[in-house]
Amino acid sequence: MENWLYASSDIIAKVIFTVLVIFTLIIVITRVSGLRTFAKMSSFDFASTIAIGSILASIILNPDQSILKGAVALAVIILFQTIFSFAKRKSDWFNNLSSNKPMLLMENGKFLMNNLKKTNISANDVYAKLREANVKDKCEVLAVILESTGDISVIHEHKETPLSEEVLTGVQK
């Protein structure tokens, strides 16, 4: 029998397993759905936010949930975040698997239509970003990049300084 302060080891094991499975599913779903889904948030950040919010809400609103179970679930999420972040930093393979790469949407004033389709972004979305960046003509644009955060970056032409390839490191063309 569970009460508000304690939980059985079976329940704790179920919580740990459930957190790992649900968290992984949220990451996979948001990874597949693409960069536009959660602008300014990586799929991992989104999954963390949802998982923590759900656990907090469940523990607070459900009198049948124990504080211990909620604390274990939160601890497992934080441990999972730590391991996940460590794996991303240490393994290029894992980082590529778990993170979206920035995508080039426009190069030298020309739309890359295949990339627009892949990212589910319309030319009108790009035009809106160009206006936001005070671009007067497409010929002023060296590159427009959909960043891994969902932001769109606009790189303007500058007469004295050409675009360095280093700036485009990691961007899919």
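Residues numbered from 1 in each chain as written. Predicted model: local features only at pLDDT ≥ 70, side-chain atom pairs only at ≥ 80, totals over all residues. Heavy atoms only, no water.

Turning our attention to the nonpolar core. By size, the foremost hydrophobic cluster in this structure holds 18 residues, and its most contacted members are Val19, Phe23, Ile27, Phe44 and Ile77. Put simply, the parts of the chain that give this core at least two residues each are helix H1 (9-33), helix H2 (43-61) and helix H3 (67-90). Counting 14 residues, the second-largest nonpolar core is a separate cluster that includes Leu116, Val126, Val141 and Val154. (Core = buried A, V, L, I, M, F, W, Y, C linked by side-chain atoms within 4.5 Å. Buried < 20%, exposed > 50% of the residue type's maximum accessible area, 1.4 Å probe, protein only. Helix = DSSP H or I, 4+ residues; strand = E, 2+ residues; numbered from the N terminus.)

This paragraph deals with unusual backbone geometry. In this structure, Asn108 is a non-glycine residue whose phi angle is positive, near 50°. By secondary structure assignment, the location of Asn108 is in the loop between strand S1 (103-107) and strand S2 (110-111). Here the phi dihedral of Asn120 falls at roughly 60°; this positive angle occurs in a residue that is not glycine. Residue Asn120 is classed as exposed on the basis of its relative accessible area of 66%.

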